[in-house]
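Structural description and commentary
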Amino acid sequence: MNNPDISRYHRQYLLPQIGEEGQRKISSSRVVVLGCGALGSILANHLARAGAGWMRIVDRDFVELNNLQRQVLFDEDDIRRNLPKAIAAKEKVEKINSSITVEALVVDVNYANIESLIEGTDLVMDGMDNFETRFVINDACVKNGLPWIYGGCIGTHGITMTIIPGKTPCLRCVFESAPPPELSPTCDTAGVLGPAVNIIASLQATEAIKFLSGNIQALNKTLYTFDAWTHEAKALKIENLHQKINCPTCGQKNFEYLKGEKGSRSASLCGRNAVQISRDEPLNLDFKDLAAKLKRVGEVTYNVFLLKFKTGEYEITLFPDGRAIIQGTHDIAQARTLYSKYVSV
Ligand SMILES: [Zn+2]
């Protein structure tokens, strides 16, 4: 992709900061979007329209009705088709811009796979819904010298920061461990305003366009927070944290989150009465056989991407690699029991 279609990107390369050369750089770039919920679907949309030549979209989840309030790439048809978000996003993004290459991966982002997910890319975009995974991303990006753009949103309030390993403070320079309470993943109780997510993701996408077009000096150097309801904005200066504190990640190069020493393989999912179960060793499930077995005890539907099984008040969504999302409980132990009862093969 060295010769972008000038007419498609005309309004973008008219910008003096970008120009034809900047557009060429954007079009030959490789980006990974980690998580394709509210933030991720907006990021993928902007980056596809801006012409990022190659994009990997990673998400573990499938599209549900309560996503449509804010997750701009999805529609009711995706729900009828039981599509995973990564697959639905790839379909939409390819309709928006058929000249770019999009890879969809329906997997959980975790310490075991993060380095392979970011490998071969120029920039990592954070579309995650939990802070723990952001520390995993931070460890992997600092270790591999890859820039990443953090974004988070809860209620009407959002936050973003651009991390260039070796040049700026990393996430752990700023947040040593647990995030402050207002940033904790409580979207199940706090809710989230669709336009607020759009603002934060759009700021992240602007940072991406700056970085990919070579405008490194223009990147955001602050921890920027914005409240869409009150229009209150804060830009905390964080440059002085770089190499001034003994950061475990970028100072000591102790990548604890990549060793799996922190974090778990089962997680209660943000905003939902659901638990995810992942496996250390991926399976290669045959849904046809499993569906035949499960039909005796509940209602089963499946396609090539996922199998849904309803029994009583529970619904188990199973992916071919053995990962499952168990709805109807937020109790991890109970979810594990259900998993071993119905899924273990
Ligand atoms: Zn650091």
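Residues numbered from 1 in each chain as written. Predicted model: local features only at pLDDT ≥ 70, side-chain atom pairs only at ≥ 80, totals over all residues. Heavy atoms only, no water.

Further remarks concern the side chain of Lys 308. Mapped onto the fold, Lys 308 is located in strand β12 (residues 307-311). Overall, the relative accessible area of 13% leaves Lys 308 in the buried class. With residues near it in sequence (within four places) discarded, Lys 308 still touches Phe 62, Asn 82, Glu 299, Val 300, Thr 301, Glu 315, Ile 316 and Thr 317. (Helix = DSSP H or I, 4+ residues; strand = E, 2+ residues; numbered from the N terminus. Buried < 20%, exposed > 50% of the residue type's maximum accessible area, 1.4 Å probe, protein only. Contact = heavy atoms within 4.5 Å.)

A sheet is described by the order of its strands in space; here eight strands give the open sequence β3-β2-β1-β4-β5-β6-β7-β8, paired in mixed fashion. Each end of this open sheet is capped by a strand with a single partner; those strands are β3 (101-105) and β8 (233-237). Looking at each pair of strands side by side, their axes are set apart by 15° on average, direction ignored. With seven bridges joining them, strand β5 (residues 148-154) and strand β6 (residues 157-163) adopt antiparallel strand pairing. When the sheet's bridge partners are listed, Gly 151 is paired in β6 with Thr 160. Helix-sheet contacts for helix α5 (residues 85-96) involve β2 (54-58) and β3, and the interaxial angle to β3 is about 170°. On top of the sheet, helix α10 (residues 194-212) reaches β1 (30-34), β4 (123-126), β5, β6 and β7 (222-227); it is set at about 175° to β5, its chief contact. (Pairing = 2+ DSSP bridges. Axes fitted to C-alpha atoms, helices over the stretch in contact; angles between N-to-C directions.)

All right, on to the pairing of β6 then. Burial runs high along β6: six of the seven residues are buried. Adjacent in sequence and paired antiparallel, β5 and β6 are bridged by two residues, among which Gly 155 carries a positive phi angle near 60°. Pairing geometry for β6 and β7, over four bridges, is antiparallel. When the bridges of β7 are listed, His 157 appears paired with Asp 227.

Within the first shell, the zinc ion binds the protein through Cys 170 (SG), Cys 173 (SG), Cys 247 (SG) and Cys 250 (SG), at distances of 2.2 to 2.3 Å. For the zinc ion, the four donor atoms are set out with angles of 92 to 121° between them, so the coordination reads as tetrahedral. Mapped onto the sequence, the donors of the zinc ion take the spacing C-x2-C-x73-C-x2-C. Residue classification places Cys 250 among the buried positions, given a relative accessible area of 18%. (Donors = N, O, S within 2.8 Å, 3.2 Å for Na, K, Ca; no water. Tetrahedral: all angles 85-135°; square planar, octahedral: opposite > 155°, others 65-115°.)

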